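A look at the structure
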Amino acid sequence: MAWDLFLWIISFFVSLALVASVFYQVICLTDLEADYLNPFETSTRINRLVIPEFVLQGSLCLLFLLTWHWVFFLVAVPVTVYHAMLFNERRYLIDVTEVFRGISFEKKFRFTKLGFYVFLFIMVVFRLTLSAVYSFTEDDDLLHLF
């Protein structure tokens, strides 16, 4: 039971890092659109966060797979596969010269990812709370109801 709580604590912090990363990317794109940042600074700041985001998302998906949390794995696997597809096609970085042309798409893409990560974060917080309550009450039968 303690391992289950440990899993959800790790998942909580990884999900929080993913939400914070994508939120920062949205802020950078909004600052570029409002002309507070130049295209080079924006693309550098966003491109610096893309690979760690892909690694965190992939490791979270793998963690759910290895611990047999199938619902969470099935929720996380489409984004992980999409990230792998972007990485294989080398379309994951923002180009400095074309950032203004694709800013609308990039913002919509980041907002969609932010919504997904917030949804995943809410699911993880629910399971973390559930696991913490059940681990402190030591009633193992109640955990399997959800």
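Structure first, text after, so check above.
Residues numbered from 1 in each chain as written. Predicted model: local features only at pLDDT ≥ 70, side-chain atom pairs only at ≥ 80, totals over all residues. Heavy atoms only, no water.

**Thoughts on the overall build of the protein chain**
A tally of regular secondary structure across the protein chain gives 5 helices and 0 strands. Ordered by position from the N terminus, the helices and strands of the protein chain form the series α-α-α-α-α. When contacts within the protein chain are restricted to residue pairs at least 6 apart in sequence, long-range pairs at least 24 apart make up 77% of them. Surface accessibility of the protein chain: about 8,700 Å² in total, with carbon and sulfur atoms responsible for 71%. Where the 10 positive side-chain charges of the protein chain centre and where its 14 negative ones centre are 11 Å apart. (Helix = DSSP H or I, 4+ residues; strand = E, 2+ residues; numbered from the N terminus. Contact = heavy atoms within 4.5 Å. Areas by Shrake-Rupley, 256 points an atom, 1.4 Å probe, with all protein chains shown as cover. Lys, Arg positive; Asp, Glu negative; His and termini not counted. Charge placed at Lys NZ, Arg CZ, Asp CG, Glu CD.)

**Some details on the pattern of salt bridges**
According to the stated counting rule, one finds 5 salt bridges in the structure shown. Put simply, glutamate 33 and lysine 107 hold a salt bridge, and the shortest N to O gap is 2.6 Å. With glutamate 33 in helix α1 (residues 2–33) and lysine 107 in helix α4 (residues 103–137), this residue pair connects regions lying 74 residues apart in the sequence. Judged by relative accessible area, which is 48%, glutamate 33 ranks as partly exposed. A relative accessible area of 16% means that lysine 107 is categorised as buried. (Salt bridge = Lys/Arg side-chain N within 4 Å of Asp/Glu carboxyl O. Buried < 20%, exposed > 50% of the residue type's maximum accessible area, 1.4 Å probe, protein only.)

**Notes on unusual backbone geometry**
We note that aspartate 35 has phi near 70 degrees; this positive angle belongs to a residue other than glycine. In this structure, aspartate 35 sits in the loop between α1 and α2 (39–66).

**Quick notes on the nonpolar core**
Core analysis: the largest hydrophobic core is formed by 23 residues, its most contacted members being Trp8, Leu60, Phe64, Phe72, Tyr117 and Leu120. At the level of secondary structure, the elements contributing two or more residues to this core comprise α1, α2, α3 (70–89) and α4. Per-element accounting of this core gives the leading share, 9 residues, to α4. Among the nonpolar cores identified, the runner-up in size contains 12 residues, and Leu29, Ile46, Phe54 and Val99 belong to it. (Core = buried A, V, L, I, M, F, W, Y, C linked by side-chain atoms within 4.5 Å.)

By themselves, these observations are geometric and do not establish any function.
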